[in-house]
Amino acid sequence: MKTVKELEGIARKVRINALRGIHAAQSGHPGGSFSVTDILVTLYFNVMNVDPSTPDKKGRDRLVLSKGHACPALYATLAEKGYFPPEELLTFRKIESRLQGHPNMELCPGVDMSTGSLGQGFSAAVGMAIASKIDGDSGYVYAILGDGELQEGIIWEAAMSAAKHKLDNLIAIVDWNNLQIDGVVDDVKKVAPIDKKFEAFGWKSIMCDGHDIQGILNALAEAREIQNYPVVIVAKTHKGQGVSFMKDAAGWHGKAPNDEQFEMALKELGGEI
Amino acid sequence: MAEVKKKIATREAYGQFLVEYGSAREDLIVMSADLSGSNKTDGFEKAYPERFIEVGISEQDMLAEAAGIAHMGHVVAASSFAMFAAGRGYEVIRNSIAHTKANVKVCATHGGISVGEDGASHQTFEDIALMRVIPDMIVVNPADALSTKILLKQIFDAEGSAYVRLGRSGVPILYGEDEALEIGKANTIREGTDAAVIATGLMVSEALEAAEILSSEGISVKVVDMHTIKPLDEEAIVASVKECGAVVTAEEHSIIGGLGGAVSETLARNYPCKVAMVGQNDTFGESGKPADLMKKYGMTANDIVAAVKSLI
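All chains use their own residue numbering, which begins from 1 and follows the written sequence. Written order determines the labels here, with chains lettered from A and ligands numbered from 1. In view of the model being predicted, local features appear only for residues whose pLDDT reaches at least 70, and side-chain atom pairs are presented and counted only at 80 or more, with totals across whole chains, interfaces and linings using the full set of residues. Calculation of side-chain values draws on the structure's entire complement of heavy atoms; hydrogens and water are dropped beforehand.

Colleague: It is not clear to me how the environment of Gly116(B) should be interpreted in this structure. Could you clarify?
Modeller: Residue and element names in this part refer to chain B. Every helix listed is a DSSP run of H or I at least four residues long, and every strand listed is a run of E at least two residues long, numbered separately from the N terminus. Within the secondary structure, Gly116 is located in the loop between strand S5 (104-109) and helix H7 (127-132). Residues Gly116 and Tyr163 lie 47 residues apart in sequence; the distance between their C-alpha atoms is 22 Å. Note on definitions: a residue-residue contact is assigned when non-hydrogen atoms from the two residues lie within 4.5 Å. Sequence-distant contacts of Gly116, defined by excluding residues within four places in its chain, comprise Gln123, Glu286, Ser287, Gly288, Pro290 and Leu293.

The following block contains the structure:
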């Protein structure tokens, strides 16, 4: 088990490495990658039962990044965990790379489900949790959703399925950064109150600060205690967290930094060029 | 060839197959989106309730969940009407099932105009076209109940994603139980020399009837059951034209993008020639009795007879 301080250090490194990949590709999604980084690092380093030396181990925990565009953070986390060498992050979005623009389970070690088309990953995660129950498998399924993604109808179809099957082995985490490509989620198509919506669909909900690692750990521990219900953790986050000029700016949803911006961002994150 | 008299819907055969196959394959999961009676998955539900998943009226969720279940080590049969499985579900099948090579068999019933009274909203002529443009997708459209069982066994025994189109209405039994049918291999069901009719699904029996009619007029017609639209037996198509000189396609589907399209693409690349197509002519359907609709929209033995005559 890592200390909170150690996890914070890993998260800083993950942000730096994720941004290196995006910069090298001159393409990708830094905003949503940075909002979800602390959640991913907490899960992979202190919560999930996974082992990069046996990535397909039966009964392991699984993670579906349903907001697949935030994969730079997932790739950097997986690399840090030991699934593949961190240097490979520089191949992100380039031809012949295992690190596709959106996660591809056929290619990238450690990716449990190919995602990219919003909403489907969550529904697939529900399917995994159902299968896990049928098989008597002890693994948990974690699904990470964007708040804008909640505008997809399939999310609510899947939410009802999860409640019907009493999937207490499924934990959804909503990366609530309140921004999407066309602007503020509340303006584009309001999804709040997220916790109340999921509760109305038969879930239990927990709120937390998605950048407070101890808070995330507490929320996950509480979620795992709840039986007979799927649990959603609504994590309040900031898009572009960690880099001042990207923070809470919708414009950084799907844009790569130029050399100058890259240098500034690395300086803020404490990395070297 | 068995004597043509008994009519059974291919969806009935699917339901029976699931119950039989489910006893041998404990990893088989069957999913329904509120149509278990219509899809004939209710027999499996009774026999193996713990392996039957009722998703409710949410086809997209059923299909993405199916991918998740398959990636946990199961083989999954997911069913709805063809309109909603292939139509509404297209993008889920493409991205979450086929692209991830999920071991999911989308078994869609009520394909085509033989749905009848439900009308245009429930009659799909686009499903085969939608499914066959997806890379690596197996696309199968059986002609009768017995070939449905034989082909389903092969589809479920193999790993990977597949789309099977099944019908609502009863169709004549054309095959015996131990027929040597093979996925990806066209089956010549009647030999002939003047023209070849390449048919799929319930149009195979119409093609046989057309061959009988033409035979009485001295025209010898070969009938090919193209039960597998993908991978397409290109060799059989080219050989049929070389042998007979004229080719007619027959399908209960739009002539755009379906069997007619697939056969034409093959011939354009390998052996350019004129092709006559019997199928839905770029129009929506309507309510009515299946037989009346098949007649009005030009998908009967007589339409095949006319198409053959237009070429020879």
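Colleague: Could you clarify how one ought to interpret the pattern of salt bridges in this entry?
Modeller: When the charged atoms of two side chains lie near each other, side chains of opposite charge can form a pair. Residue and element names in this part refer to chain B. Here a salt bridge means any side-chain nitrogen of Lys or Arg lying within 4 Å of a carboxyl oxygen belonging to Asp or Glu. All told, the structure shown has 22 salt bridges over all chains when counted by the stated rule. Here Glu12 makes a salt bridge to Lys40, at a shortest N to O gap of 3.7 Å. Taken as a pair, Glu12 in helix H1 (residues 10-24) and Lys40 in the loop between helix H2 (36-39) and helix H3 (42-47) lie far apart in primary sequence, 28 residues in all. The shortest N-O distance in the salt bridge between Lys153 and Asp157 comes to 2.5 Å. Of the two residues, Lys153 and Asp157 are both situated in helix H8 (residues 145-157); the distance of four residues between them amounts to about one turn of the helix. Think of it in three bands: residues with accessible area under 20% of the maximum for their type are buried, residues over 50% are exposed, and the middle band is partly exposed, with areas taken using a 1.4 Å probe on protein chains only. What makes Lys153 partly exposed here is its relative accessible area of 40%. One network of salt bridges, with partners in common, ties together Glu117, Arg168 and Lys289.

Colleague: So what exactly am I meant to see when it comes to the pairing of strand S6 (residues 204-209) of chain A here?
Modeller: A regular strand carries its side chains on alternate faces of the sheet. All names here are of chain A. A strand pair is defined by DSSP finding two or more bridges across the two strands. Sheet topology places S6 next to strand S7 (residues 231-236); six bridges connect them, and they run parallel. Bridging across to S7, Asp209 finds its partner in Lys236. Crossover connection from S6 via helix H8 (residues 213-225) to parallel S7: handedness right-handed. Orienting the strands away from the viewer, one traces the path from the first strand over the helix to the second; a clockwise path indicates a right-handed crossover.

Colleague: Sorry if this is basic, but what is going on with the packing of helix H9 (residues 203-216) of chain B against helix H13 (residues 301-311) of chain B here?
Modeller: A packed helix pair is summarised by two numbers, namely the angle formed by the two axes and the spacing between the axes. All names here are of chain B. One can describe the packing of H9 onto H13 by two numbers: an axis separation of 8 Å at closest approach and a directional angle of 60 degrees. The pairing of H9 with H13 is recorded here as oblique in orientation. Considering only the axes of H9 and H13, their crossing is right-handed. Of the residues in H13, those touching H9 at Met203, Glu206, Ala207, Glu209, Ala210, Ile213 and Leu214 are Ala301, Asn302, Ile304, Val305, Val308 and Lys309. Looking at side-chain class alone, the contact of H9 with H13 contains nine nonpolar, one polar and three charged residues. Helix axes are fitted only over the stretch in contact, all axes being lines through C-alpha atoms; the angle between N-to-C directions runs from 0 to 180 degrees. These descriptions rest on fixed angle ranges, namely under 35 degrees for roughly parallel, over 145 for roughly antiparallel, 65 to 115 for roughly perpendicular, and the rest for oblique. Take the far helix as your reference; a near helix turned counterclockwise from it by less than a right angle gives a left-handed crossing, and one turned clockwise gives a right-handed crossing. Under the convention adopted here, Pro, Cys and the residues Ala, Val, Leu, Ile, Met, Phe, Trp and Tyr are nonpolar, Asp, Glu, Lys and Arg are charged, and Gly plus all remaining residues are polar.

Colleague: Please clarify how unusual backbone geometry should be interpreted in this entry.
Modeller: Trans peptide bonds make up the majority, and among non-glycine residues the majority have a negative phi. Between Ala192(A) and Pro193(A) the backbone carries a cis peptide bond, its omega angle lying at 0 degrees. Within the secondary structure, Pro193(A) sits in the loop between helix H6 (185-189) and helix H7 (194-200). Of the consecutive residues Lys230(B) and Pro231(B), the connecting peptide bond is found in the cis state with omega at -5 degrees. Mapped onto the fold, Pro231(B) is located in the loop between strand S12 (228-230) and helix H10 (234-244). Its identity is not glycine, yet Lys40(B) carries a phi of approximately 70 degrees, on the positive side. The backbone of Asp136(B) sits at a positive phi, close to 65 degrees, despite the residue not being glycine. When you line up the elements, Asp136(B) lands in the loop between H7 and strand S6 (138-140). Take Asp136(B): its relative accessible area is 59%, and that puts it in the exposed class.

Colleague: I'm lost on the sheet that holds S6(B) in this one. Help?
Modeller: Through backbone hydrogen bonds, the strands of a sheet pair up, either in parallel or in antiparallel fashion. All names here are of chain B. Reading across the sheet, the seven strands line up as S3-S2-S4-S5-S7-S6-S12 and stay open at both edges, with mixed pairing between neighbours. Here the strands that pair on one side only, and so sit at the sheet edges, are strand S3 (52-54) and S12. Looking at each pair of strands side by side, their axes are set apart by 20 degrees on average, direction ignored. Pairing between strand S2 (residues 28-32) and S3: three bridges, direction parallel. Following the sheet pairing, Met31 is matched in S3 by Ile53.

Colleague: Can you help me understand the interface of chain A and chain B in this one?
Modeller: The accessible area lost on association of the parts is a frequent measure of interface size. Facing 26 residues of chain A, the contacting portion of chain B comprises 24 residues. By convention, the term buried area covers the 1.4 Å-probe accessible surface removed from two parts as they join, with the contributions of both added. For the pair chain A and chain B, the summed buried area comes to about 2000 Å², and 55% of that belongs to carbon and sulfur atoms. A per-residue breakdown of the area chain A buries against chain B is headed by Gln120(A), Ile134(A) and Glu157(A), which together make up 25% of the total. The definition of a polar contact used here is a pair of N or O atoms within 3.5 Å, where within protein one atom must be able to donate a hydrogen and the other to accept one, and adjacent residues in sequence count solely through side-chain atom pairs. Applying the counting criterion to the chain A and chain B interface returns ten residue pairs in polar contact (both at pLDDT 80 or more). With eleven residues, the single largest contributor to the side of chain A that touches chain B is helix H4 (residues 120-135) of chain A. Here the residues of the side of chain A that touches chain B are counted per class, giving ten nonpolar, nine polar and seven charged.

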